Amino acid sequence: MLRILSQALRTGLATEPAPSTDDAELAEIGVALQRRIDARVGRSLALRQVDAGSCNGCELEIHALNNPYYDLERFGVHFVASPRHADALLVTGPISRHMEAALRRTWRAMPAPKWVIAAGDCACNGGEFGCSYACRGSVDQVLPVDVSVPGCPPTPLDFLRALLAALSMPER
Amino acid sequence: MIDEIHMKPFDWLSEYRERLDDEGRLVRDADHQGLTPARRLRLEAEDWGAAARIAAAMGLRHAGVFADPPDLAPPAQTSTLPDDEEPTITLRAVLEQQGDYLVLETQVPLALPELPSQTPWYPGLDRLERHAQDLVGVRFTDHPHPHRWTRHQAWREGRFPLRADFPLAGEDQRRTQADRDYPFEALTGDGVYQIPVGPVHAGIIEPGHFRFHAEGETVLQLEARLGYVHKGIERLAVGRDAVGLARLAGRISGDSTVAHTWAACQALERASGCEVPARALVLRGLLCERERVANHIGDIGAICNDVGMAFIHMQCARLREDWQRASQAHFGHRLLMDRIIPGGVAVDLDAAAVATLRAEHEAMRRAIAPIFAIVDELPSLADRLLTTGHLQTKDARTLGCTGYVAKASGLGFDLRRDAPYPPYDALAVEVPVQQEGDVAARVRMRMHEVRQSLNLMDELLRRLPDGPIAAELPAASAGAIGLGLVEGWRGEVLAFVRFRNDGRIARYFARDPSWFTWPALERLIHGNIVPDFPVCNKSVNASYSGQDL
């Protein structure tokens, strides 16, 4: 226990701001994001992530959003386990046909506003895989997409910008 | 015919051939043309099962089987057979012992593609054979579980996406239905119940279905149903050029992008006779060790998180982020995608970067020391991780596991030591093993590998030669084949490549180590409580995408 306390004390606060070029940008995007969430949702924003054929590169970067540097929850965004609790669906991958039905069902289970974010090149335009016997080729072939986040994979900051964009969309 | 001088002594090959001979099995020839460093034996299809039985009796490890159908297009010119011969499907099986590789090869007619299964002697091949059955249409006559594996509802039974008559776009553009009627093995008894999980899981994780049979809290049986992220990678590879293939290989499993790209490039380079510059090889080693460190640190944290130890998780997540930012700064990509290219690498390091990297390695060593000490000794972690998810040595061996899963169960195979490819041929890579086979042993293995990789990277930086970082990839001859073998962070990554006559790819197969660690998970979970599944799963961390292809 002593060692844990000592390690915790030595580590200090890793959450940015910390010496990094991304600092100002992260703080700026984060604050803007929090304002939009307050205005649009009036509580924290619940995200449900579905991998529909990703190579798992996007998942690694989405995981990074929860690390102490980005600490997504401080901006009022958190990932939920059930689509029934989710405001937005974060979809990765070129929509493998084997995941098509599961993705549709996940979306159907969500309450409005049902925002859909296509995350990564594959979800946006098929990426390296495209359209084939095995893949639909992009999220918009299957679901209405509100925001696209290109990148292979998108960086954590790209994801934050996309969330901000999603919340800045006019009401449907 | 046999080019002995380039080969190190192959102690077991002559005995294997003798045993085949004793049974009257016809071996047509043995060479290693195109499949360096492996040797090749051609067999009759009817002897395919017997060859596996003899190999298993000799204790050889099976590293996978894959089918190579006739070319998609243009069929006539690219065929390596005379026009009047009937089209065939080639099957290749890879065996290994003491770091020596042997490729068994046989052919079956496309019109009647049947041969005995090797699964009865190598249960780890179960799903690889069914993958060949679903995509190429090979029938394994005595397969114990002959039902579909990779195929769900995206294409019809009796149609095969890697055959020439199957359109790339597929044959049915309607919505793909959810999979149904998959014959899960049923277990019945008083108080036995099923828990179906997935394909969509609760966390940020890849999709797959797990069917548990449990009694009370105890798992009696686990059956995984994968294939949800099947992307048709093998079909998409056909017709690509070398650069395009390397990009595709880099997306077989994002967390192993370096290992898969390296293995694919090795296969391409061996098939075309490319001499990769020494500096590029050292940089490749550096990239691969960086990938190992990133994944192990992230996973050690995630394993602790799965037993409620969020502190370690956050500490490791912090270090992983530092590491990925350094990867971006030095190599231009946080996950190191597309840094390896056919013929070399895409990025170079200057002297300043080499010095910075050394300092970063030292900083990481200091940063992990107190964290790993806590993981090693904290009683509450020991309580959850010791004896949990025990994989027996014999199961790890029978299934063909490699990497930390095998090493934690007493099997000390590591390509970097046992079949070293440059730059590892000049380094001393020690491969300690753990005998316990539980989650704690896999965590200890991973902590060891992090420390070892940091040392190896320093050694590689010391040996970084001057010179170019890439060479031109020579044009490959029609039908040239190559095998790539790389020790990725999960274990042995294998890649096979065959060229067409126009310099493009006719066949690419990548075998991630996850093919063998998924069945290991099904075995090691037996007798554990259901709530320990996440930590058992994370300690193995097989790739869904790497297996589904």
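Positions within a chain are numbered from 1, following the residues in the order the chain's sequence is written. All chains are assigned letters beginning with A, and all ligands numbers beginning with 1, in the order in which they are written. Reporting of local features is limited, given that this is a predicted model, to residues whose pLDDT is at least 70; pairs of side-chain atoms are given and counted only at 80 or more, and all residues count toward the totals for whole chains, interfaces and linings. Processing note: side-chain calculations cover all non-hydrogen atoms of the structure and skip hydrogens and water entirely.

A few words now on the side chain of Thr92 of chain A. Residue and element names in this part refer to chain A. Following the sequence through the fold, Thr92 ends up in strand β3 (residues 88-92). Side chain to side chain, Thr92 and Glu59 meet in a polar contact 2.6 Å long. The criterion used for residue contact is that any of the two residues' heavy atoms lie within 4.5 Å. Leaving out residues up to four positions away in the same chain, Thr92 has contacts with Gln49, Val50, Asp51, Ala52, Gly53, Ser54, Cys58, Glu59, Ile62, Ala119 and Ala123. Only DSSP runs of H or I reaching four residues or more are called helices, and only runs of E reaching two or more are called strands; each is numbered from the N terminus. By the criterion applied in these results, polar contacts are pairs of N or O atoms within 3.5 Å in which, for protein atoms, one can donate a hydrogen and the other can accept it, and in which residues neighboring in sequence qualify only through two side-chain atoms.

It is worth spelling out the sheet that holds strand β5 (residues 147-149) of chain A at this point. Residues and elements named next belong to chain A. Within the open sheet, the 5 strands sit side by side as β2-β1-β3-β4-β5. Their pairing is parallel. With one partner strand each, in any of the chains shown, β2 (77-79) and β5 form the two edges of the open sheet. Looking at each pair of strands side by side, their axes are set apart by 25° on average, direction ignored. Note: two strands are recorded as paired if DSSP finds a minimum of 2 bridges between them. Inspection of the sheet shows strand β1 (residues 45-51) paired to β2 by 3 bridges, in the parallel sense. Each residue of the ladder has a partner; that of Ala46, found in β2, is His78. Every axis corresponds to a line fitted to the C-alpha atoms, with the helix fit spanning only the stretch in contact, and the corresponding angles, defined between N-to-C directions, vary from 0 to 180 degrees. Of the strands in this sheet, β1, β3 and β4 (115-119) touch helix α4 (residues 97-108), which is tilted by about 170° from β1.

Right, let's get into the state of the cysteines. What counts as a disulfide here is a pair of cysteine sulfur atoms lying within 2.5 Å. According to the stated counting rule, one finds 0 disulfides over all chains in the structure shown. Left unpaired, Cys152 of chain A is separated from the closest cysteine sulfur, that of Cys122 of chain A, by 5.9 Å. Free cysteine Cys288 of chain B: the closest other cysteine sulfur is in Cys265 of chain B, separated by 12 Å. A residue is classified by how much of its surface remains accessible, and Cys288 of chain B, at 1% relative accessible area, is buried. Burial status follows relative accessibility: with a 1.4 Å probe on protein chains alone, a residue under 20% of its type maximum counts as buried, one over 50% as exposed, and anything between as partly exposed.

A word on the domain arrangement of chain B. Residue and element names in this part refer to chain B. As far as domains go, chain B holds domain 1 (4-140) and domain 2 (239-467 + 474-548). When each unit is reduced to the centre of its C-alpha atoms, the spacing between domain 1 and domain 2 is 27 Å. By buried area we mean how much accessible surface two parts lose on assembly, using a 1.4 Å probe and totalling the loss over both. Summed over both sides, the interface between domain 1 and domain 2 buries roughly 2,700 Å², with carbon and sulfur atoms accounting for 61% of that surface. Basic side-chain nitrogens of Lys or Arg form a salt bridge, by our definition, when they fall within 4 Å of a carboxyl oxygen of Asp or Glu. Inspection of the region where domain 1 meets domain 2 yields 4 salt bridges. Arg127 is the partner of Glu522 in a salt bridge, and the nearest nitrogen-oxygen pair spans 2.8 Å. The interface formed by domain 1 and domain 2 holds 7 residue pairs in polar contact (both at pLDDT 80 or more) in total. Note that the domain bounds were set by an automatic or database domain assignment.

Residues and elements named next belong to chain B. Pairing of aromatic rings covers Phe, Tyr and Trp, the last through its six-membered ring, and needs centres within 6.5 Å; plane angles under 30 degrees mean stacked, over 60 mean edge-to-face, and all others mean tilted. Summed over the entire model, instances satisfying the criterion amount to 15 aromatic pairs over all chains. Aromatic pair Trp262 and Tyr421: ring centres 5.3 Å apart, planes at 80°, arrangement edge-to-face. Placement of Trp262 in helix α7 (residues 257-272) and of Tyr421 in the loop between α14 (415-418) and α15 (439-462) is noted, with a sequence separation of 159 residues between them. For the pair shown, Trp262 and Tyr421 are each scored as buried. Three or more aromatic residues link up through ring pairs in this structure, and these residues are Phe210, Phe212, Trp518, Phe533 and Tyr544.

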